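# Fold and contact review
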Amino acid sequence: LKDYEEKILGAQERIAIIETRLYNDLVAAVTQYTQAILLNSSLLARIDCLLSFTRVSLENKYNRPVVDDSLVLEIIEGRHPVIERELPPGEPYITNTVRLSNDGEQILMITGPNMSGKSTYMRQTALIVLMAQIGCFVPADYAKISIVDRIFTRVGASDDLTAGQSTFMVEMSEVADILKHATKQSLVILDEVGRGTSTFDGISIATAVAEHIANTRKIGCKTMFATHYHELIGLEGRVDGVKNYSVAVKKYGDSIKFLRKIVEGGVDDSYGIEVAKLAGLPKNVINRAKEIL
């Protein structure tokens, strides 16, 4: 019984000693093949990545982009790679074309209602550029992608109250970072600038930001700028490189239908009351809003 007691009580300690010895022996043996293992791991990772690119490209009918140093960005009938996969069966994705160049249409000033597709249009452009530069085919009929050094985005609304920053302060910090670091090789996506303060303050800031980006001596990079400040439409013709685009809308009496198609020219109506109606605001509130408008 004493012998059995010693074996049982000392078993865990002996197991740990044996496991440590075996592990150390394995490490010593593997060390001789470190370089080969690292090389194989790298090759397998590349094969895995390229296989994933190939699979999604075949499944989703992506096409090979032309990637160059021309400072021209042209995407014919582009699609959002995520949203098109989430659509209900049978519902087609409305494709859109974008053309940007540092010495032509440098800033696209995009207006239109909420929920109409402005953000999707800009984000799909950024995603297509990113996909092309990492070596994947892209969701477009044709794409010529100029190499960009960075993709800057200012989208959505968020705050950092623990740091004492409101949504407007966070937005301004993001814009400041873009203006400080963007170069002529950058792609800038601005989804609303100047919200959260008085209308005239917001318009003034948004206008100044657009003028600063358009100035080739300061930045002069390709930019997509979505806004509900229709006063910014006036920058076309006054500031070189600014071109107005908008989202097509069909109006039927008091209702609207978003066509999701980007067309040339700006609009002077955001159809905010109609969007509020779609969101379910009470009828008396909607009617009163129309009276005030």
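Residues numbered from 1 in each chain as written. Predicted model: local features only at pLDDT ≥ 70, side-chain atom pairs only at ≥ 80, totals over all residues. Heavy atoms only, no water.

### Comments concerning the overall build of the protein
Going by this rule: The helix count covers DSSP runs of H or I at least four residues long, the strand count covers runs of E at least two residues long, and both are numbered beginning at the N terminus. Every radius of gyration here is taken over C-alpha atoms, with the globule rule written as 2.2 Å times N^0.38, N being the number of residues. Note on classification: 1.4 Å probe, protein chains only; a residue is buried when its accessible area is under 20% of the maximum for its type, exposed when over 50%, partly exposed between these limits. Two residues form a contact once any of their heavy atoms are found within 4.5 Å. Here the open area of atoms and residues is found with the Shrake-Rupley method and a 1.4 Å probe, where only the protein chains shown may cover a residue. His is not counted, nor are the chain ends; Lys and Arg add positive charge and Asp and Glu add negative charge. Just so you know, the charge point we use is NZ for Lys, CZ for Arg, CG for Asp and CD for Glu.
Along its length, the protein carries 8 helices and 10 strands. Computed over the C-alpha atoms, the radius of gyration of the protein is 28 Å, more than 25% above the 19 Å expected from 2.2 N^0.38 for a compact globule of 293 residues. Counting only C-alpha atoms and orienting by the principal axes, one finds that the protein spans roughly 100 × 50 × 45 Å. Here the protein holds 293 residues, and the buried ones make up 36% of them. Within the protein, contacts between residues separated by at least 24 positions form 67% of all contacts whose residues are at least 6 apart in sequence. Accessible surface computed for the protein: about 17,600 Å², of which carbon and sulfur atoms make up 56%. Put simply, the protein has 33 plus and 37 minus side-chain charges, and the middle of one group is 4 Å from the middle of the other.

### Section: the sheet that holds strand β7 (residues 187-191)
Here is the rule: Only strands joined by at least two bridges in the DSSP assignment are considered to pair. Here an angle of 0 to 180 degrees is reported between the N-to-C directions of two axes, which are lines fitted to C-alpha atoms, with helices fitted over the stretch in contact.
If you trace the 6 strands from one edge of the open sheet to the other, you get β6-β7-β8-β4-β9-β10, paired in mixed fashion. Pairing within the sheet leaves two strands with one partner each, and these edge strands are β6 (151-154) and β10 (255-264). On average, each strand axis in the sheet is tilted by 15° relative to the strand beside it, whichever way the strands run. In this sheet, β7 lies alongside β6 in parallel orientation, the contact comprising 4 bridges. Within the sheet, the bridge partner assigned to Ile151 lies in β7 and is Leu187. Strands in contact with helix α4 (residues 118-133) are β4 (107-111), β6, β7, β8 (222-226), β9 (242-252) and β10; relative to β7, the strand with the most contacts, it is inclined by about 160°.

### Section: the sheet that holds strand β1 (residues 66-68)
Strand order across the open sheet formed by 4 strands is β1-β5-β2-β3, with mixed pairing between neighbours. For this open sheet the edge positions go to β1 and β3 (96-101), each flanked by a neighbour on one side alone. Averaged over all pairs of adjacent strands, the angle between their axes in this sheet comes to 15°, without regard to strand direction. As paired strands, strand β2 (residues 72-78) and strand β5 (residues 142-146) are joined by 3 bridges and run antiparallel to one another. Residue Glu74 lies in a different strand from β5, and its bridge partner there is Lys144. Contacts from α4 reach β1, β2, β3 and β5, with the element oriented near 115° to β2.

### A word on the layout of surface pockets
Spelled out, the test is: Space inside and on the surface of the protein is sampled on a 1 Å grid over the protein atoms alone, with a cavity defined as a set of points where a 1.4 Å probe fits but cannot get out and a pocket as an open set with protein on both sides within 12 Å along at least 5 of 7 lines; lining residues have an atom within 4 Å of a point. Grid points are joined across faces, edges and corners, and a volume is the space filled by probe spheres set on the points. Residues are grouped as follows: Ala, Val, Leu, Ile, Met, Phe, Trp, Tyr, Cys and Pro are nonpolar; Asp, Glu, Lys and Arg are charged; every other residue, Gly included, is polar.
Quantified by volume, the largest pocket comes out at close to 460 Å³. Looking at the largest pocket, it is lined by 22 residues, and the ones nearest its centre are Met115, Ser116, Gly117, Thr120 and Arg260. Looking at the lining of the largest pocket, the elements with two or more residues in it are α4 and β10. Take the lining of the largest pocket: its biggest share by element is 5 residues, from α4. Per-class residue counts for the lining of the largest pocket are 9 nonpolar, 8 polar and 5 charged. By volume, the second largest pocket amounts to about 180 Å³. For the second largest pocket, the lining is made up of 14 residues, of which Thr97, Val98, Arg99, Tyr245 and Glu264 are closest to its centre. Elements that contribute at least two residues to the lining of the second largest pocket include exactly β3 and β10. Tallied by class, the residues present in the lining of the second largest pocket amount to 6 nonpolar, 3 polar and 5 charged.

### With respect to unusual backbone geometry
With the exception of glycine, the majority of residues adopt a negative phi angle, and the majority of peptide bonds are in the trans configuration. If you check the backbone angles, Glu77 has positive phi at about 50° while not being a glycine. Here Glu77 is to be found in strand β2. One non-glycine residue, Glu192, lies in the positive phi region at around 75°.

### Considerations on the nonpolar core
What counts here: We define a nonpolar core as any set of buried Ala, Val, Leu, Ile, Met, Phe, Trp, Tyr and Cys residues linked to one another through side-chain atoms lying within 4.5 Å.
Ranked by size, the top nonpolar core spans 28 residues in total, and within it Ile75, Leu108, Ile145 and Met224 carry the most contacts. Among the secondary structure elements, those contributing two or more residues to this core are β2, β3, β4, α4, β5, β7, β8 and β9. Broken down by element, this core gets its largest block of residues, 7 residues, from α4. Among residues more than four places away in sequence, those in contact with Leu108 are Val98, Arg99, Leu100, Tyr121, Thr223, Met224, Phe225, Lys243 and Tyr245. By size, the runner-up hydrophobic cluster in this structure holds 24 residues, among which are Met172, Val175, Cys221 and Val239.

### Structural notes on the packing of helix α7 (residues 272-279) against helix α8 (residues 283-292)
Quick reminder of the rule: Roughly parallel refers to an angle under 35 degrees, roughly antiparallel to one over 145, roughly perpendicular to one between 65 and 115, and oblique to any angle outside these ranges.
Relative orientation of the contacting elements α7 and α8 amounts to 175°, with a least axis distance of 10 Å. Between α7 and α8, the interaxial angle falls into the category roughly antiparallel. Between α7 and α8, the residues in contact are Ile273, Ala276 and Lys277 and Ile286, Ala289 and Lys290, respectively.

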